[in-house]
Amino acid sequence: MTLFTCHGLCYVIYWISTNQVYEMLEWDRTAISNIAGEIALVAGLVMWATTFPAIRRRFFEVFFYTHYLYIVFMLFFVFHVGISHSLISLPGFYIFMVDRFLRFLQSRNKIKLVSARVLPCDTVELSFSKNPSELLQSSLCYIIFLQLIIHSTTICLSILIIVLMYSPTSILFVNIPSISKLQWHPFTITSSSKLEPEKLSVMIKGQGKWSTKLCQMLSSPDKIDRLTVSIEGPYVPSSTDFLRHDSLVMVSGGSGITPFISIIRDLIYLSSTSTCQIPKMTLICAFKKSSDLSMLDLILPISGEMISSFLDIQIKAFVTRETELTQTRNIIKPLCFKPYVSDQPISPILGPNSWLCLATILFSSFMIFIITIGIITRYHFYPIDQGLNKYTSAYKSIIYLLAISVSVVATSSIAVLCNKKKYYTKDNQALESLSPLVTESSPQQLLSQSTSIHYGARPNLNSNCLF
């Protein structure tokens with residue numbers, strides 16, 4: 001962006017100093033369009049300005065929605081330099097278009113929200129149904145084995161494993177139309193895809209208008225049977241290699257404990273299934289009020305025997321604004337929902353072989369684009385143009401962009417529809433009948449010896465007694 005800005009400013013200064021201000025408004029039919037470049041530069045500067053932490057953190061919606069100006073930026077960038085020069089950035093831009101359209105298709109689905117828990121600290125945990133991963137294979141193999149015995153001659157298996165794996169600290173964008181049809185908010189996933197194969201959970205703290213309205217809606221005396229939700233993601237971090245460390249020290253404040261919950265749950269699974277050394281964990285968390293301690297009740301989803309046998313974990317909680325316990329933290333309101341029949345569990349948009357399917361989409365859509373452009377050039381541009389530049393550069397650019405868009409939309413839509421037809425069946429009672437593998441438990445019982453709570457104090461990170 002710095003290079004583009006310098007490029008634009010140098011030309012503006014040159015035009016002003018040479019009394020050629022009219023060049024700023026020039027839109028050449030066949031050569032470079034100056035005004036298109038200026039529009040692209042302004043759109044890029046607006047997006048860049050909202051990336052500053054002071055704006056992004058305080059006005060996330062401004063940051064989020066202004067970044068849709070990338071459409072204006074790319075469109076007028078192509079108009080500015082022409083389609084021939086803009087093809088230099090085609091590979092990256094093409095992959096982005098495929099990814100963005102697939103995410104758009106995913107966000108159109110209504111997701112099955114199965115339960116929620118309302119904490120006394122204006123915090124809710126939403127649990128979505130997701131297609132089980134590899135962890136359910138043992139249970140499913142048992143069911144299949146029974147079917148083989150009963151149906152010795154005819155075998156009909158309707159159970160499929162569609163793996164949805166994600167790493168700790170992954171995020172999920174959530175949209176609830178009953179609150180706002182336009183607002184999408186990112187939340188860190190608290191569940192582990194390995195430890196909890198049937199569900200995906202996020203924790204939402206009531207701090208802004210959107211999240212506060214959600215907390216009020218779920219905590220109200222009026223019973224809510226169902227809630228329409230759409231999601232985008234999960235999006236995984238670039239690196240989560242926690243096992244390379246001998247010890248992990250996790251420091252959080254308030255709802256910042258969320259990513260550490262997912263890390264602890266993932267290490268719980270590894271401690272019970274892997275022979276590798278699990279690092280010693282120390283969680284230092286600070287809360288404003290004692291009611292916020294209820295967030296600790298979301299940490300562990302397994303029995304206390306496994307924790308005492310496999311994990312070395314210490315939790316040091318600090319309540320900074322109270323000197324003693326003023327509210328019982330176990331008052332948690334559970335909610336169960338009755339999803340619509342059309343609601344779907346969270347699953348990979350391209351099925352279990354997502355990378356192979358994505359490669360097929362990229363290759364096939366690009367070949368369609370090349371063939372389409374070849375036909376248009378041979379039978380539309382060349383017979384009329386005859387090398388005389390009768391068609392404007394903007395017109396040719398629009399034709400190229402439309403060809404790219406049509407090829408991406410067609411191939412991606414066909415791939416997603418074929419995936420739904422192949423891997424999803426209406427009758428998924430077999431999966432729903434499987435009992436949950438894990439149940440939520442309270443750390444007050446499981447980690448009573450490993451948890452210490454300090455009232456009226458702040459954590460001193462320089463003190464060795466914390467580690």
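Residues numbered from 1 in each chain as written. Predicted model: local features only at pLDDT ≥ 70, side-chain atom pairs only at ≥ 80, totals over all residues. Heavy atoms only, no water.

Some remarks on the overall build of the protein chain
Quick reminder of the rule: To qualify as a helix, a DSSP run of H or I must reach at least 4 residues; to qualify as a strand, a run of E must reach at least 2; elements of each kind are numbered from the N terminus. Using a 1.4 Å probe on the protein chains alone, a residue whose accessible area is under 20% of its type maximum counts as buried, one over 50% counts as exposed, and one in between counts as partly exposed. Only heavy atoms enter the contact rule, under which two residues are in contact if any of them lie within 4.5 Å. Only the protein chains shown count as cover for residues, and the accessible areas themselves come from Shrake-Rupley with a 1.4 Å probe.
In terms of regular secondary structure, the protein chain is built from 15 helices and 11 strands. A buried classification covers 42% of the 467 residues belonging to the protein chain. Put simply, of all contacts in the protein chain between residues at least 6 apart along the chain, 79% involve residues at least 24 apart. If you sum the accessible surface of the protein chain, you get close to 25300 Å²; carbon and sulfur atoms cover 61% of it.

Overview of the confidence of the model for the protein chain
What counts is decided by this rule: Here pLDDT means the predictor's own confidence in every residue, given as a number from 0 to 100.
Counting all residues, the mean pLDDT for the protein chain is 79, and 80% of those residues have values of 70 or more. Mean pLDDT across the secondary structure elements of the protein chain bottoms out at helix α8 (residues 137–150), with 34, and peaks at strand β3 (residues 171–175), with 93. Note that residues 133–162 has pLDDT below 50 and, in this model, 42 contacts with residues that lie over four places away or in other chains. In the predicted structure, residues 426–444 sits below a pLDDT of 50 and forms 42 contacts with residues beyond four places in sequence or in another chain.

Some thoughts on the packing of helix α2 (residues 34–49) against helix α5 (residues 70–81)
Definition in use: The convention used is that axes are lines fitted to C-alpha atoms, helices contributing only their stretch in contact, and that angles between N-to-C directions extend from 0 to 180 degrees. Oblique is the label for every angle not falling under 35 degrees (roughly parallel), over 145 degrees (roughly antiparallel), or within 65 to 115 degrees (roughly perpendicular). We call a crossing left-handed when the near helix sits turned anticlockwise from the far one by less than a right angle, and right-handed when that turn is clockwise.
Here α2 crosses α5 at 155 degrees, and the two axes come no closer than 8 Å. Taken as axis vectors, α2 and α5 run roughly antiparallel relative to one another. Remark: the crossing between α2 and α5 carries left-handed chirality. Of the residues in α5, those touching α2 at N34, A36, G37, I39, A40, A43, G44 and M47 are Y70, V72, F73, F76, F77, F79 and H80.

Focus on a positive patch on the surface
We count it as follows: Nonpolar side chains (Val, Leu, Ile, Met, Phe, Trp, Tyr) are joined into patches within 5 Å and like charges within 9 Å, using only residues with over 30% relative accessible area and no salt bridge. Whenever Lys or Arg places a side-chain nitrogen within 4 Å of a carboxyl oxygen from Asp or Glu, that contact is recorded as a salt bridge. Under this rule, positive means Lys or Arg and negative means Asp or Glu; His and the chain ends count for nothing. Here the site of a charge means atom NZ of a Lys, CZ of an Arg, CG of an Asp or CD of a Glu.
On the surface, K288, K289, R321 and R458 cluster together into a positively charged patch. One can find R458 in the segment after β11 (451–455). R458 sits in the exposed class, given a relative accessible area of 66%.

Observations concerning the packing of aromatic side chains
To be explicit about the condition: Working definition: rings of Phe, Tyr and Trp (its six-membered ring) pair if their centres are within 6.5 Å, and the pair is stacked with planes under 30 degrees apart, edge-to-face with planes over 60 apart, and tilted otherwise.
This model, assessed by the stated rule, comprises 22 aromatic pairs. Ring plane angle 70 degrees and centroid distance 5.2 Å describe the contact between W48 and F52, whose orientation is recorded as edge-to-face. Note on W48: relative accessible area 45%, which makes it partly exposed. Accessibility expressed as a relative area gives 42% for F52, which makes it partly exposed.

A few points about the sheet that holds strand β1 (residues 113–119)
Where we set the bar: Should DSSP find at least two bridges between two strands, the strands are taken to pair.
The strand order β5-β2-β1-β10 describes an open sheet built from four strands, whose pairing is antiparallel. Each having just a single partner strand, β5 (199–205) and β10 (333–336) make up the two edges of the open sheet. For this sheet, the mean inter-axis angle between neighbouring strands, taken without regard to orientation, is 15 degrees. As paired elements, β1 and strand β2 (residues 123–129) share six bridges and run antiparallel to each other. If you follow V118 over to β2, its bridge partner there is V124.

As for the environment of K130
To keep things clear, this is the line we draw: As used in this structure description, the phrase polar contact means that two N or O atoms lie within 3.5 Å; if the pair is within protein, one of them must be able to donate a hydrogen and the other to accept it, and residues adjacent in sequence are counted only when both atoms belong to side chains.
Along the chain, K130 falls in the loop between β2 and α8. Here K130 falls in the buried class, since its relative accessible area comes to 2%. Aside from chain neighbours lying at most four places away, what touches K130 is L164, Y166, S193, E196, P197, E198, K199, L200, P345 and I346. Here P197 takes part through its backbone oxygen, which lies 3.2 Å from a polar atom of the side chain of K130.

Quick word on the side chain of T66
Residue position: T66 is located in helix α4 (residues 60–66). Side-chain polar atoms of T66 contact the side chain of T50, separated by 3.2 Å. Setting aside chain neighbours within four positions, we find T66 in contact with V46, M47 and T50.

Focus on unusual backbone geometry
Residue P234 is reached from G233 by a cis peptide bond, and omega for that bond is 5 degrees. Within the secondary structure, P234 sits in strand β6 (residues 230–235). For D122, which is not glycine, the phi torsion reads 55 degrees and is therefore positive. With respect to the helices, strands and loops of the structure, D122 is situated in the loop between β1 and β2. Not every positive phi belongs to a glycine, and T169 is a case in point at roughly 70 degrees. Judged by its relative accessible area of 23%, T169 is partly exposed.

Some words on a nonpolar patch on the surface
Taken together, the side chains of M1, L3, F4, L45, W48 and F52 make up a nonpolar region of the molecular surface, amounting to roughly 590 Å² of accessible area. Residue assignment for the nonpolar patch shows that the elements contributing at least two residues are α1 (2–17) and α2.

Focus: α2
Selection rule: One fewer than the residue count of a helix, multiplied by 1.5 Å, yields its expected span.
Its 16 residues give α2 an end-to-end C-alpha distance of 23 Å, which sits within 8% of 22 Å, the value for a rise of 1.5 Å per residue. Taken together, the buried positions of α2 are occupied by N34, A36, G37, A40, L41, A43, G44 and M47. Looking at the buried residues of α2, the elements they touch are α1, α4 and α5.

A word on the sheet that holds strand β4 (residues 185–188)
The strands that make up a sheet are held in pairs by hydrogen bonds between backbone atoms, and each pair lies either parallel or antiparallel. The three strands are arranged β4-β3-β6 in an open sheet whose pairing can be described as antiparallel. Looking at which strands have only one partner, the edges of the open sheet turn out to be β4 and β6. Going from strand to strand, the sheet's axes swing by 25 degrees on average, the running direction of each strand aside. Inspection of the sheet shows β3 paired to β4 by four bridges, in the antiparallel sense. For V174, the partnering residue across the bridge sits in β4 and is H185.

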